[in-house]
Number of protein chains: 4
Amino acid sequence: MAQKTCILAYSGGLDTSVVIKWLQEHYDVAVIATVFDVGQDKTEDMTFIEKKALDIGAYGAQVIDLREEFANNYISKAIKANGLYENKYPLVSALSRPLMVKHLVDQAHARGADFIAHGCTGKGNDQVRFDVACAALDPSLQVLAPVREWNLLTRADEIAYASEHGIPIPVTQERPYSVDDNLFGRTIECGILEDPWVTPPEDIFGLTNDPAGPDAPDTPQEVTLTFEAGLPIALDGEQMDLLTLINALTDIGGLHGCGRIDMIENRLVGLKSHEIYEVPAAVALLTAHKALEDICLDRDTAHFKLDLEHKWAELVYNGLWYSPLKAALDSFIDATQKTMDGEVRLQYFKGNITVCGRRSPYALYDFKLATYDEGDSFNRDAAKGFIEIHGLPLRTWSSLHSSGL
Amino acid sequence: MAQKTCILAYSGGLDTSVVIKWLQEHYDVAVIATVFDVGQDKTEDMTFIEKKALDIGAYGAQVIDLREEFANNYISKAIKANGLYENKYPLVSALSRPLMVKHLVDQAHARGADFIAHGCTGKGNDQVRFDVACAALDPSLQVLAPVREWNLLTRADEIAYASEHGIPIPVTQERPYSVDDNLFGRTIECGILEDPWVTPPEDIFGLTNDPAGPDAPDTPQEVTLTFEAGLPIALDGEQMDLLTLINALTDIGGLHGCGRIDMIENRLVGLKSHEIYEVPAAVALLTAHKALEDICLDRDTAHFKLDLEHKWAELVYNGLWYSPLKAALDSFIDATQKTMDGEVRLQYFKGNITVCGRRSPYALYDFKLATYDEGDSFNRDAAKGFIEIHGLPLRTWSSLHSSGL
Amino acid sequence: MAQKTCILAYSGGLDTSVVIKWLQEHYDVAVIATVFDVGQDKTEDMTFIEKKALDIGAYGAQVIDLREEFANNYISKAIKANGLYENKYPLVSALSRPLMVKHLVDQAHARGADFIAHGCTGKGNDQVRFDVACAALDPSLQVLAPVREWNLLTRADEIAYASEHGIPIPVTQERPYSVDDNLFGRTIECGILEDPWVTPPEDIFGLTNDPAGPDAPDTPQEVTLTFEAGLPIALDGEQMDLLTLINALTDIGGLHGCGRIDMIENRLVGLKSHEIYEVPAAVALLTAHKALEDICLDRDTAHFKLDLEHKWAELVYNGLWYSPLKAALDSFIDATQKTMDGEVRLQYFKGNITVCGRRSPYALYDFKLATYDEGDSFNRDAAKGFIEIHGLPLRTWSSLHSSGL
Amino acid sequence: MAQKTCILAYSGGLDTSVVIKWLQEHYDVAVIATVFDVGQDKTEDMTFIEKKALDIGAYGAQVIDLREEFANNYISKAIKANGLYENKYPLVSALSRPLMVKHLVDQAHARGADFIAHGCTGKGNDQVRFDVACAALDPSLQVLAPVREWNLLTRADEIAYASEHGIPIPVTQERPYSVDDNLFGRTIECGILEDPWVTPPEDIFGLTNDPAGPDAPDTPQEVTLTFEAGLPIALDGEQMDLLTLINALTDIGGLHGCGRIDMIENRLVGLKSHEIYEVPAAVALLTAHKALEDICLDRDTAHFKLDLEHKWAELVYNGLWYSPLKAALDSFIDATQKTMDGEVRLQYFKGNITVCGRRSPYALYDFKLATYDEGDSFNRDAAKGFIEIHGLPLRTWSSLHSSGL
């Protein structure tokens, strides 16, 4: 068959359904609609989505379950890096994109495809992540981005095109928000959220109860997380794999209304956007991981890692997961996590996740140094000399600059 | 009179009361006990403290009200700097120390004193802050630190000394914690807190209700903060000075159980300590200030300021308030705050302080760029070129390094 | 007149000469060819260039002398910032572009023009600097970049176009290099330099003697630079303005074969290029300025400024001269330079510029602390306590991690 | 034998000779004088030094050759890290100290010693490096630092003590400088150098010819260095181990008067000192290594590594070689050096070491992207979109802040 093949990241929604048709029409390619299961909304039936793609005219369709790989090879790195873009956003979508691209490229190689395609818009971060990750993994593959290129600029245009081409149009009232989700959390944007002065309405939330509503329990709940080499391995003493543990923490956090983040963030493409995230597992894991680091990392490492983490999160946010700098930062981070073993107790209550205890065989917190009680081993005499040297540059400076600062 | 004079930072507690006597005994100095009102516990009667010092044998005693200066010249800088040591601690005590030293030095100059003295222990940060700030402001003044030097190593030793020298010993049961407070917040350490695996008991808290207890209201409360040039100037539309506003926010936050921080921090003197902070005003102000910056600072400035803020907080924590680097960082920060005007809406509820709206005449958040709706002014065509150039280094790299990372 | 006006940055070379015609042809605009004198090659006659533009058909032509403004408002900031992109390139062209754009915009305002135009190619940094500086100074002005847009892709195409349109073609043999120069230095690229394994041929250099050739003196020459508030104000004791001083240092350095830089640099547009710079004045000034800072800046400021300078240089290199972050960095830098007064002695010899002495009334270098001789005021006893505290985190760490690192 | 044992780092000079006696007198220990050969001055006869120690009364004496280990495990890391404290000092002594301490500790373990000892003064960096490295490697060992503790404050005191105790006093005229050297370079300080305004006299130099004197050749010499994984493996095509290569580069650089550094540096103990270094091999290796990185590291990695290198050098300078942060930084660095293969051509001439060519199979410098000639593969169209997005934040900012910066 002379027709070329294109592996499309297919979601089942209107956008990527129209993309199937548009790719056939404009590029004359055989589209392999590929649905990646990264733990998104459980209500969607994956086999139904597969069938839908074929009905629209995809040459092939498949569902690939990436949940374990996502947890073990992508989210795990974010936990060790305390990955928060702009000190806030746990990179939910930014973590899943490079994984999807890896499988798009693998599929392209397996099926001899010349193209991969995605349904990202032309003003978001995800288009960058798809395109750049593909450039990293196989610079010879071409990436098609119909939604960025086509002239179906409004939803009405898209529906008209769908209707002309026999693409099923969702009969239910479209939600007035745009949502992206995976097992690490859920992103909501657009609609009324485009006015950042307005309180986000309660109906945008899908994973978390209203902390002030009747469903959030009136009694705090405590959980204990056990870490080994920087990664959680047990919940309340029960060993579980990371995927299971994340799902459990999503449920607990969601019940207590925890893990909502409301932020204005700086997109890579130069604009600010208002995003709401529901990330109960991410908040719990990062809070606990940082609490463990607080007792296990020495000060110099802790302070340097804090700045390095910003760079890590920025790279991942900007689509540079497969870059040499990201790899080098991971090497730094892994070196700090070797003995990051211990336990952290978290308390959940009406929107709060609070650390209420931490311990580790490698805790640098040392009772004998810290105590003001019997058993104090700290040498107070050393302090005087330390302060004299610590203040010496400033003392020298001041003796020359009498006018003060 | 041949006797030399020493200006002592006096708190009224057992430690600094013993210090008065000890200074007379060991240095034969006339002690001027100076109580600084930085907004600490309102239950203490300042004139009573003054009288107590004279009774013990201080040559002079005085109370100096520093509350406005503290708010306007010290806390204000921390707000603009989003000052959080280790990304968490709002520097409560670290902010008041340099102010106190400034007045100790001023008093020493006014009264021709040769010494200043403080009652800090030999293993904390405050001794450094006192000594180094004095070195900065007047390197010729000598700082006496009896508690670091004397051999009254346990509480029993101190009580014995006090009893011998007719110093009144508190009859009330001593709290098993060590507390330091000022108008920006309250620090609790020691006692059972020296075991960081134990949940902090509720009785250590003095400013904030238990978020899960009956006193925290069941209904959220919303407040609006107005900022001008990076500083809050009004609460719910009512203009007020910073001191009044901080006190109001302490009350609101305390009511709702907000602003508790439980952390293991790295002290300058090389050990880790477990600290509990109650800082409802600090959390509200920094949360709101950052939310305003999110819409008003451009990305480059926002990202760079994030790292610079760590350095600012580290310097202040380490007692280097009066250092040239701190001054230069303030110049940077001030340059970013000129048009930091706007309003932020905060919601208080059972331990949570949540941003639910922000707006500014200088908001870089631009609806026309951000919207996916009618009126979109973003040029999607530019994105393609941008991504190509953004990914070019990685594409070049990948074409040479086939084995991946 | 209905015809719109365009202010063109005109150099007199073939490119911008063709641009005049092309703008008329494609945009039907009245071109005001504007030659900026930023101290480039003195052999070119400015009035001749002016006349040439009119001959080709420019509506107007003018020469604007920017040399003093360049030295005083642009180069001066680079000196205080020790501005070196990638720790090497003194930003010669990157400093002149924002100044030129300021005057293009001023001229556009003065003459009611709708466009400004430049002759930069589509793969360099200068196009970015022109476009972005204009966006900063007047976002409503449109920037035309014919050389980026047109299809005259080779030199032959350009010559054919020129010949068709009566544009004078340089009769002299074209140099096989591309050169850009101004009073702060000279850039050479292209031709044989595109192979970074080849030794740059001697004939590319225009400002500097061959250090190993017969023209570089066999005897070292010493000069003394006097600084005030971080800027040089006198050479060998003779007060002179910055422009005069830079020209003098260019001559001295050029004589001795100093200030050649051969580097591979990372362009903003994602590629690496091989650049040769001749920057004798820049090297001398930055070397001397840093030597002065070495004795006058305290360690904390010096170390922090080192990293901040990279960001400064990166912003300027990337065309962000008029950005808020650049302004904030300048505020930081200015705060550090207030008392940067003193003298530095430099020795020139066959390619080397060596500091051989420095002194300042604000020198933190303190003989009494530094000496191992009589008069030593350093307190050796303090060192022991200092070291104990300095090493305490590592000691604590090691006692838990027996296996070493 | 009840007497305890002390392993002393012995140099053979007056200081450590007196230390042998003083330790016996004050600590009643059996001193094992241990001479470490790290490539210091070849004129000293190691066996003679050994004998001298025994004559003075050392219980044992030994010479340990550390040259290969120094080159392969310590200097090698500095090359990959481009290790320069304050962007200038190649850490010569700072690299050898942790190696010496490792062997002091090993010897202490092998011989059941309770103490290690060194002859460092109380105001330098080396005392910190000895003490802290020992705390890292074996916190239970005690470090004795007689020169810091004793009261032999002047050279006359020391000579009197030596004479009393039968310690041979050097008959030759003492050099008026203090020198420390090893195979990576030579440090000179004190004497006339304590006045940083004075040109360092020629007689302080021991490794390098005067660049302006008759011994520096009048003809440039070119050498080619071959690198593999970030380390030099061949000189002019001849494979050699790192130790041999460093010695060869010391000779070549010394001949041409290269590698002199004159700097004011900030010591860890809070003072500034004037240091002269002769480091011809270090300058050549770092210059070449950086030139190779210039073509092989992508921009993001290169820029981030630049700041990280400062931290690396600062840690090493401050005695924290065996710290977890240093280890994590090394992991980062190693990750960047895997494919750092290639060749660099250096030219030596009268004090200058100049890169005149570099190439690598992993060069990201790409002729097809860089050329302005035939074969250009850069997409100029992408530039326009790139610039629009790159400038968008500033454009948005400017439209709100009309008054400029």
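Residues numbered from 1 in each chain as written. Chains lettered and ligands numbered in written order. Predicted model: local features only at pLDDT ≥ 70, side-chain atom pairs only at ≥ 80, totals over all residues. Heavy atoms only, no water.

Caption draft 1: Structural detail: unusual backbone geometry. All names here are of chain D. Even without glycine at this site, Glu86 takes up a positive phi of about 55 degrees. Note that Glu86 resides in the loop between helix H3 (67–80) and helix H4 (92–111). Residue classification places Glu86 among the buried positions, given a relative accessible area of 17%. Although it is not a glycine, Asn87 adopts a positive phi angle of roughly 65 degrees. Mapped onto the elements, Asn87 comes out in the loop between H3 and H4. (Helix = DSSP H or I, 4+ residues; strand = E, 2+ residues; numbered from the N terminus. Buried < 20%, exposed > 50% of the residue type's maximum accessible area, 1.4 Å probe, protein only.)

Caption draft 2: Summary view of the interface of chain D and chain A. Counting residues at the interface gives 23 residues for chain D and 23 residues for chain A. The contact between chain D and chain A buries some 1,700 Å² in all, and 77% of this surface belongs to carbon and sulfur atoms. Taken as a group, D:Phe304, D:Leu325 and D:Phe332 account for 28% of the area that chain D buries against chain A, more than any other trio of residues on that side. Between the two partners, chain D and chain A, sit 2 residue pairs in polar contact (both at pLDDT 80 or more). Secondary structure elements with two or more residues in the side of chain D that touches chain A: helix H10 (299–317), helix H11 (324–337) and helix H13 (380–400) of chain D. No other element matches the 8 residues that H11(D) contributes to the side of chain D that touches chain A. Its residues assigned to classes, the side of chain D that touches chain A comprises 16 nonpolar, 4 polar and 3 charged. (Contact = heavy atoms within 4.5 Å. Buried area = accessible area lost by both parts, 1.4 Å probe. Polar contact = N/O pair within 3.5 Å; in protein donor to acceptor, adjacent residues only side chain to side chain. Nonpolar A, V, L, I, M, F, W, Y, C, P; charged D, E, K, R; others polar.)

Caption draft 3: Inspection of the relation of the copies chain D and chain A at higher detail. In the superposition of chain D on chain A (RMSD 0.0 Å, axial shift 0.0 Å), the rotation amounts to 180 degrees. The two molecules are tied by a two-fold rotation axis, judged by turn and shift. Using C-alpha coordinates, one finds that chain D approaches the rotation axis most closely at D:Phe332, a distance of 2.4 Å. Both copies share a contact surface, since 100% of the interface residues of chain D are interface residues in chain A too. (Least-squares fit on C-alpha atoms with pLDDT ≥ 70 in both.)

Caption draft 4: The pattern of salt bridges, seen in detail. By the definition in use, this model includes 89 salt bridges over all chains. Each of A:Arg97, A:Asp126, A:Arg129 and A:Asp180 takes part in a single network of salt bridges with overlapping partners. (Salt bridge = Lys/Arg side-chain N within 4 Å of Asp/Glu carboxyl O.)

Caption draft 5: The arrangement of the sheet that holds strand S12 (residues 272–278) of chain D in detail. Residue and element names in this part refer to chain D. Taken in spatial order, the 4 strands line up as S6-S7-S12-S11 in an open sheet, and their pairing is antiparallel. The sheet terminates laterally at strand S6 (178–182) and strand S11 (260–266), the two strands that pair on one side only. Taking each pair of neighbouring strands and ignoring which way they run, the sheet shows an average axis angle of 25 degrees. Where S6 and strand S7 (residues 185–189) come together, 5 bridges link them in antiparallel fashion. (Pairing = 2+ DSSP bridges. Axes fitted to C-alpha atoms, helices over the stretch in contact; angles between N-to-C directions.)

Caption draft 6: A look at the interface of chain D and chain C. The interface of chain D with chain C comprises 96 residues on the first partner and 96 residues on the second. Note on chain D versus chain C: buried area summed over both sides is about 8,600 Å², and carbon and sulfur give 60% of it. When residues of chain D are sorted by the area they lose upon contact with chain C, D:Trp197, D:Lys272 and D:Tyr372 head the list and together hold 10% of the total. Summed over the shared surface of chain D and chain C, the result is 4 salt bridges. D:Arg358 is paired through a salt bridge with C:Asp262; the nearest N and O atoms lie 2.9 Å apart. Connecting chain D to chain C are 39 residue pairs in polar contact (both at pLDDT 80 or more). Of the residues forming the side of chain D that touches chain C, the biggest block, 12 residues, is contributed by H13(D).

Caption draft 7: The arrangement of the packing of helix H3 (residues 67–80) of chain B against helix H4 (residues 92–111) of chain B in detail. Residue and element names in this part refer to chain B. Where H3 meets H4, the axes come as close as 10 Å, and the angle between the chain directions of the two elements is 135 degrees. As far as their axial angle goes, H4 and H3 are oblique. Of the two possible hands of crossing, H3 and H4 adopt the one that is right-handed. On H4, the residues touching Glu69, Phe70, Tyr74, Ile75 and Ala78 of H3 are Val92, Leu95, Ser96, Pro98, Leu99, Lys102 and His103. (Parallel < 35°, antiparallel > 145°, perpendicular 65-115°, else oblique. Left-handed = near helix turned anticlockwise from the far one by under 90°.)

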